[in-house]
Amino acid sequence: SDIDLVVCDVVQHYQSILSDIKPKESCVAQLARHLRKQHWVQVVQTIERAAVPIVKVTATFQEAAGIQIDLSFDSPSHRGLSTCAFVRGLCAEFPMLVPLTLVLKQFLVTTGLNDPYSGGLSSYGLVLMITRVLQRDRLYRQYIKAM
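Note that the structure is a prediction, hence the values are computed from the model and not measured.

Trainee: Any chance you could break down the side chain of Ser72 for me, citing the residues and the numbers?
Mentor: Mapped onto the elements of the fold, Ser72 is located in strand β4 (residues 64-73). With near-sequence residues (within four places) excluded, Ser72 lies in contact with Leu5, Val6, Val7, Val52, Pro53, Ile54 and His78.

Below is the structure:
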């Protein structure tokens, strides 16, 4: 799986500083350009036309190689931080959500179906699907118990 990082409080500051510079380089492009110069970065890919633009990085830290990092910038259309709180609540409500998600996420990784940018299923989509099954199971058990 990958690491998702959200860079906060940068976009407005960046736009105000570079308002007079032409042509403007997006925050995503500037971050990608900077990361390509780092010795620990192996691959940098930008996805600027997505609803939430992403910088995808493959990095090496000490002995760990091939670490996948997705970097995005906080904006009004970015729901990552509120989604994180929502998923924490789901995990508290459904204790089996975490182990089921980890097992199924590993299955998606091994079959190459874990990247939504290439037609796979996102971790968030997987969590929502598993949650729905757990909700249905809970309702079914309540129904059987009431009979």
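Trainee: Lay out a nonpolar patch on the surface with the relevant residues and their values.
Mentor: Nonpolar side chains collect at one region of the surface, where Tyr140, Tyr143, Ile144 and Met147 lie side by side and expose about 510 Å² of accessible area between them. Note that Tyr140 resides in helix α5 (residues 123-146). Under the relative-accessibility criterion, Tyr140 is labelled exposed at 53%.

Trainee: If you had to explain the nonpolar core to someone new, which residues and values would you point to?
Mentor: If you look at soluble globular proteins, the nonpolar side chains tend to sit buried side by side. Formed by 13 residues in total, the largest nonpolar core has its most connected members in Leu31, Leu35, Val44, Val55, Val57 and Leu71. At the level of secondary structure, the elements contributing two or more residues to this core comprise α2 (27-36), β2 (41-47), β3 (54-61) and β4. Per-element tally for this core: the top contributor is α2, with five residues. Setting aside its immediate chain neighbours within four residues, Val57 contacts Leu35, Val41, Val43, Ile67, Gln68, Ile69 and Leu71. Counting residues in each nonpolar core, the second largest holds nine residues, with Leu97, Leu126, Val127 and Leu134 among its members.

Trainee: Go over unusual backbone geometry with me, naming the residues and quoting the values.
Mentor: Backbone geometry places Gln62, a non-glycine residue, at a positive phi of 50°. Mapped onto the elements, Gln62 comes out in the loop between β3 and β4. Note on Gln62: relative accessible area 80%, which makes it exposed.

Trainee: Summarise the sheet that holds β4; cite the residues concerned and give the values.
Mentor: Reading across from one edge, β1-β4-β3-β2 is the order of the four strands in this open sheet, with mixed pairing throughout. The open sheet has two edge strands with one neighbour each: β1 (2-7) and β2. Each adjacent strand pair in this sheet contributes to an overall mean axis angle of 25°, direction not counted. Where β1 and β4 come together, six bridges link them in parallel fashion. Within β4, the residue paired with Val7 across the bridge is Phe73.

About the criteria used
Residues numbered from 1 in each chain as written. Predicted model: local features only at pLDDT ≥ 70, side-chain atom pairs only at ≥ 80, totals over all residues. Heavy atoms only, no water. Helix = DSSP H or I, 4+ residues; strand = E, 2+ residues; numbered from the N terminus. Contact = heavy atoms within 4.5 Å. Patch = residues over 30% accessible without salt bridge, like charges linked within 9 Å, V, L, I, M, F, W, Y side chains within 5 Å. Areas by Shrake-Rupley, 256 points an atom, 1.4 Å probe, with all protein chains shown as cover. Salt bridge = Lys/Arg side-chain N within 4 Å of Asp/Glu carboxyl O. Buried < 20%, exposed > 50% of the residue type's maximum accessible area, 1.4 Å probe, protein only. Core = buried A, V, L, I, M, F, W, Y, C linked by side-chain atoms within 4.5 Å. Pairing = 2+ DSSP bridges. Axes fitted to C-alpha atoms, helices over the stretch in contact; angles between N-to-C directions.

Function cannot be inferred from these measures alone, as they are strictly geometric.
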